[in-house]
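Spelled out from the first residue to the last, the chains are:
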Amino acid sequence: MATEDILVFTTIGDRDMAEEHLTVMLELGIITSATIFPEVELLYMWEGKITVDTENKILIKAKAEHYTAIEEYIMKHHPYIAPEIIRMDVSFGSPAYKAFVADKIKRNAG
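Residues numbered from 1 in each chain as written. Predicted model: local features only at pLDDT ≥ 70, side-chain atom pairs only at ≥ 80, totals over all residues. Heavy atoms only, no water.

A. Molecular detail of helix α2 (residues 67-77). Buried within α2 we find Tyr-67, Ile-70, Tyr-73 and Ile-74. For α2, the buried positions fall inside an angular range of 130° around the axis, keeping them on one side. Exposed residues on α2 whose side chains face more than 90 degrees from its buried face are Glu-72 and Lys-76. The inward-facing, buried residues of α2 abut β1 (5-12), α1 (15-28), β3 (49-63) and β4 (86-90). (Buried < 20%, exposed > 50% of the residue type's maximum accessible area, 1.4 Å probe, protein only. Helix = DSSP H or I, 4+ residues; strand = E, 2+ residues; numbered from the N terminus. Arc of directions from axis to C-beta. Contact = heavy atoms within 4.5 Å.)

B. A look at empty space enclosed by the protein. Taken as a whole, this structure holds one cavity of 30 Å³ or more when the rule is applied. Within this model, the largest cavity holds a volume of roughly 90 Å³. Only β1, α1, β3 and α2 provide two or more residues apiece to the lining of the largest cavity. For the lining of the largest cavity, a count of residues per class yields seven nonpolar, four polar and no charged. (1 Å grid on protein atoms, 1.4 Å probe; cavity = no way out; pocket = protein on both sides within 12 Å on 5 of 7 lines; lining within 4 Å. Points joined across faces, edges and corners; volume = space filled by probe spheres on them. Nonpolar A, V, L, I, M, F, W, Y, C, P; charged D, E, K, R; others polar.)

C. Broad picture of the sheet that holds β1. Read across the open sheet, the four strands follow the order β2-β3-β1-β4; overall the sheet is antiparallel. The open sheet has two free edges, formed respectively by β2 (33-46) and β4, since each of these has just one partner strand. Put simply, the sheet's adjacent strands are angled 30° from each other on average, direction ignored. Both β2 and β3 contribute to a ladder of twelve bridges, which runs antiparallel. By the bridge assignment for β3, Trp-46 is matched with Lys-49. Relative to β2, α1 is tilted by about 135°, and along the sheet it contacts β1, β2 and β3. Its contacts with the sheet put α2 on β1, β3 and β4, and the angle it makes with β1 is roughly 5°. (Pairing = 2+ DSSP bridges. Axes fitted to C-alpha atoms, helices over the stretch in contact; angles between N-to-C directions.)

D. The nonpolar core, seen in detail. By size, the foremost hydrophobic cluster in this structure holds 17 residues, and its most contacted members are Leu-22, Met-25, Ile-31, Ile-58, Ile-60 and Ile-70. If you list the elements that add at least two residues to this core, you get β1, α1, β3 and α2. At four residues, α2 tops the list of elements feeding residues into this core. Sequence-distant contacts of Ile-31, defined by excluding residues within four places in its chain, comprise Leu-22, Met-25, Leu-26, Ile-60, Lys-61, Ala-62 and Ile-70. (Core = buried A, V, L, I, M, F, W, Y, C linked by side-chain atoms within 4.5 Å.)

E. Structural view of α1. With 14 residues, α1 ought to run about 20 Å at 1.5 Å a step, and its terminal C-alpha atoms sit 20 Å apart, in line with that. If you check which residues of α1 are buried, you get Ala-18, His-21, Leu-22 and Met-25. Along the axis of α1, the buried residues cluster in a sector spanning 100°; they form a single face. Set apart from the buried face of α1 by more than 90 degrees, the exposed residues are Asp-16, Glu-20 and Glu-27. Put simply, Asp-14 is the residue that caps the front of α1, since its side-chain oxygen is 3.1 Å from the backbone nitrogen of Asp-16. One or two steps after α1, the chain reaches Gly-29, where phi turns positive at roughly 80°. (Expected span 1.5 Å × (residues − 1). Polar contact = N/O pair within 3.5 Å; in protein donor to acceptor, adjacent residues only side chain to side chain.)

So this is what it looks like as structure tokens:
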């Protein structure tokens, strides 16, 4: 069952660029917050060989109504041809945390 809260996962290689884009999305009001997991390892097959790279994994918290704007922003500004964008409908857990997030959104909107 879908909820009004979502998590969006994406990645980006450059930490400074990640912070810049997340700052803009916060200022636009389309995300609530974001967590950058620095220097995670990515293993994948490329041209028949296992490749290991590092990138920054990003976890974005937002309202479902803003998903389209988030996806459009990432697609427009991301340096990758096909950036990872994974949406998960979620409940943010404890009632106290949900109230905290709702209050934060309310304060930032005004």
